[in-house]
Amino acid sequence: MPEAPALCEHGAMKRSLCGLLPLVVYALLASFFAAPLRAGPAAIAIPDSHGAEVAEAVLREGGNAIDAAVATAFVLAVTYPEAGNLGGGGFITLHHQGNDRFLDFREAAPERASRDMYLDAQGNYIKDSSLIGHRAAGVPGTVAGLWEAHRLYGTRPWKSLLQPAIRLARDGFVPHPQLIERTREAFADYEGKTNFRDYFGPFAAGDAAQQAFRQPELAATLQRIAERGAQDFYAGRTAQLLVAEMRRGGGLISREDLRRYRAIWRAPLQQAWRGYTLVTAPPPSSGGIALVQLLGMKDVLAAEFKDAPYLSRQYVHLIAEIEKRVFADRAEYLGDPDFFKVPVNALVAPSYLRQRAQQVDRTAISSPTGVKPGLGESLQTTHFSILDAAGNAVSLTYTLNGSFGNGVVVRGAGFLLNNEMDDFSVKPGVPNLYGVVGAAANEIAPRKRMLSSMTPTILLKDGVVQGVLGTPGGSTIFTSVFQTLINLFDHGMTAGEAVAAPRFHHQLLPGTLIIVSRCCNLPEQTRSELTAMGYDVRQNSWEFGDMQVIQRTDSGTLTAASDPRGRGQARVFEVTTPAAAPEKPRSRPAAVAE
Ligand code: GLY
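Keep in mind that this is a model prediction, so the values were computed, not measured.

About the thresholds
- Residues numbered from 1 in each chain as written.
- Predicted model: local features only at pLDDT ≥ 70, side-chain atom pairs only at ≥ 80, totals over all residues.
- Heavy atoms only, no water.
- Helix = DSSP H or I, 4+ residues; strand = E, 2+ residues; numbered from the N terminus.
- Buried < 20%, exposed > 50% of the residue type's maximum accessible area, 1.4 Å probe, protein only.
- Polar contact = N/O pair within 3.5 Å; in protein donor to acceptor, adjacent residues only side chain to side chain.
- Contact = heavy atoms within 4.5 Å.
- Near = heavy atom within 4 Å.
- Areas by Shrake-Rupley, 256 points an atom, 1.4 Å probe, with all protein chains shown as cover.
- Nonpolar A, V, L, I, M, F, W, Y, C, P; charged D, E, K, R; others polar.
- Axes fitted to C-alpha atoms, helices over the stretch in contact; angles between N-to-C directions.
- Parallel < 35°, antiparallel > 145°, perpendicular 65-115°, else oblique.
- Left-handed = near helix turned anticlockwise from the far one by under 90°.
- pLDDT = per-residue confidence, 0-100.
- Expected span 1.5 Å × (residues − 1).
- Bend = angle between axes of the 7 residues up to and from the residue.

## What to know about the side chain of Ser-385
Thinking step 1. Positionally, Ser-385 belongs in strand S7 (residues 382-387).
Thinking step 2. Judged by relative accessible area, Ser-385 falls into the buried class, the value being 0%.
Thinking step 3. Engagement of the side chain of Ser-385 in a polar contact is seen with the side chain of His-383, the distance being 2.9 Å.
Thinking step 4. Discounting chain neighbours no more than four positions away, the residues touching Ser-385 are Ala-43, Ile-44, Ala-45, Ile-46, Val-394, Val-468, Leu-469, Gly-470, Gln-548 and Ile-550.

Next up, the structure:
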């Protein structure tokens, strides 16, 4: 502790105050060097109650947003197994002490993957081959991503952050009815093809909603990761079990693939928008570029939107037209930037967006070439948003791709694997699970990362976080984030209203199809007018999106909302424990592509 300065010795202060001076000086120095010493309001929006409880507890105990995100992501791997994961991948958009970062822990194609691996001798796609079973899995990135985020920004011991997940896996949790329903739906997809029922069989029981669901193998895996870190997953016992599972089922992921995997820091896509700065996902996600294009084109068409009341025929048509253009660019230009030169700047340039928006036909449906099937049935990914009392924010989206991924549970390790290989363009022009097509930019190559739509986003004004948001939903992710933002900013909705509002989606092919999320249809008159224009307006039998939003209102108040389509919780609460200083010195990231 520093010595009391000479000031005391000269009698300039009362003796009692002089005694306190070293403490005061120390506190000042400590607060200067360890910026996180703050308490105040924090907010979370998390897709399930277990995750919400843990995120709040970590923040209340003085952990920062990254600590809370790490603990939450591991909990969701236990209690939200349809999308929360160890065997998948995702992205973090991060605002930390004034810096904006983006962490890519997307899955990668195994070394033995090849462009035509899902095609038969005639060059036709082999049904379900990129969706179900071992060959559908990319090299998982989640554990590496969480480890890397914590390595640089965590303040709480890694091991302690995994304890809630270990407890929930070991002692069990009573499953939410939505999870039971989704699991039962998945049985049919995987029956006779994977070991899904061996692990998730208890959900078939009539009293599943009363019984704790225990996952002892997953608890042991989490325990190993808690003790040995990412090393266990990529080079230790868990790696061995994963490779053994691949051998059993003819999968491609090798020890070398796991050993080589790295999470990558990338420069986030940052864009000025109406006095705010959007911080969002760069490639290999298409989400950020798409969001910037949508917001930009909408502003170009401000006069047209002025004459188009919310959810009117004209409003839905204009949005469908700009969404169509975004999907056309996505199919042609977007892929893993380490393999394909993505023209990011050109795609978000104001002049380009003006030209694209001006091509929108105000009164008729512009026609894409060819007609392809629409969206598939399964849109599971998951997202959460966290803002700590020091103003740090994490916007994290991660996924197994389809609900419960490829349906394969790693025997002895108890976690599901992804079917993210389907997010590649398995054959140019052939739609994936989400009905979207792609070209060479997103074709399969060893070690390449498949194109995503995930759009974890943070909104800043003068360096202060004003919004944290994101959602699952496959190709509907960025159209949902876009519609939620304009609900907030153009239609003056509260966060709760913005996430609950109807959402609709158009994705180029088929050129006339508009899909509406299950819960909340468009007004009857809008639907009949769109139909008269030539649109095929379909209300889904399933929801898309599970928006998790934190917003700072114009008056500076924090609000948060979790989409009523899901089973999440949003909370704003006062943190009284100052955030802990980082537990160890930080170095630059191991893998940097910024
Ligand atoms: N698998 C969904 C996405 O990455 O967009």
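## Re the site of the ligand
Thinking step 1. In the region of the ligand, 8 residues are neighbours, and Asn-401, Glu-420, Asp-423, Ser-452 and Ser-453 sit closest.
Thinking step 2. Interatomic distance of 2.6 Å between a side-chain N/O atom of Asp-423 and a nitrogen atom of the ligand.
Thinking step 3. Bound to the protein, the ligand loses 99% of the 200 Å² it would expose on its own.
Thinking step 4. Partitioned by chemical class, the residues of the shell around the ligand number 2 nonpolar, 3 polar and 3 charged.

## With respect to the packing of helix H2 (residues 49-60) against helix H3 (residues 65-79)
Thinking step 1. Put simply, H2 and H3 touch, their axes get as near as 8 Å, and they point 155° apart. Judged by the inter-axis angle, H2 sits roughly antiparallel to H3. The two elements H2 and H3 cross, and the hand of that crossing is right-handed. In contact with His-50, Gly-51, Val-54, Ala-55, Val-58 and Leu-59 of H2, H3 contributes Ala-65, Asp-67, Ala-68, Ala-71, Thr-72, Val-75, Leu-76 and Thr-79.

## Remarks on the confidence of the model for the protein
Caution applies to low-pLDDT parts of the model: their predicted coordinates are not meant to be read in detail.
Thinking step 1. In the predicted model, the protein carries a mean pLDDT of 90, and the fraction of residues at 70 or more is 89%.
Thinking step 2. A low-confidence stretch, residues 1-34 (pLDDT under 50), is modelled with 17 contacts involving residues beyond four sequence positions or located in other chains.
Thinking step 3. Confidence over residues 588-592 falls short of pLDDT 50; this stretch has 16 contacts with residues more than four positions distant or in other chains.

## What to know about helix H5 (residues 158-171)
Thinking step 1. Here H5 contains 14 residues, and its C-alpha end-to-end distance of 21 Å stays within 8% of the 20 Å for a straight helix at 1.5 Å per residue.
Thinking step 2. A bend of about 30° at Pro-164 is the largest found in H5.
Thinking step 3. Here H5 has its buried residues at Trp-158, Leu-161, Leu-162, Pro-164, Ala-165, Ile-166, Leu-168 and Ala-169.
Thinking step 4. In the core, the buried residues of H5 are packed alongside H2, H3, helix H4 (142-153) and helix H8 (216-228).

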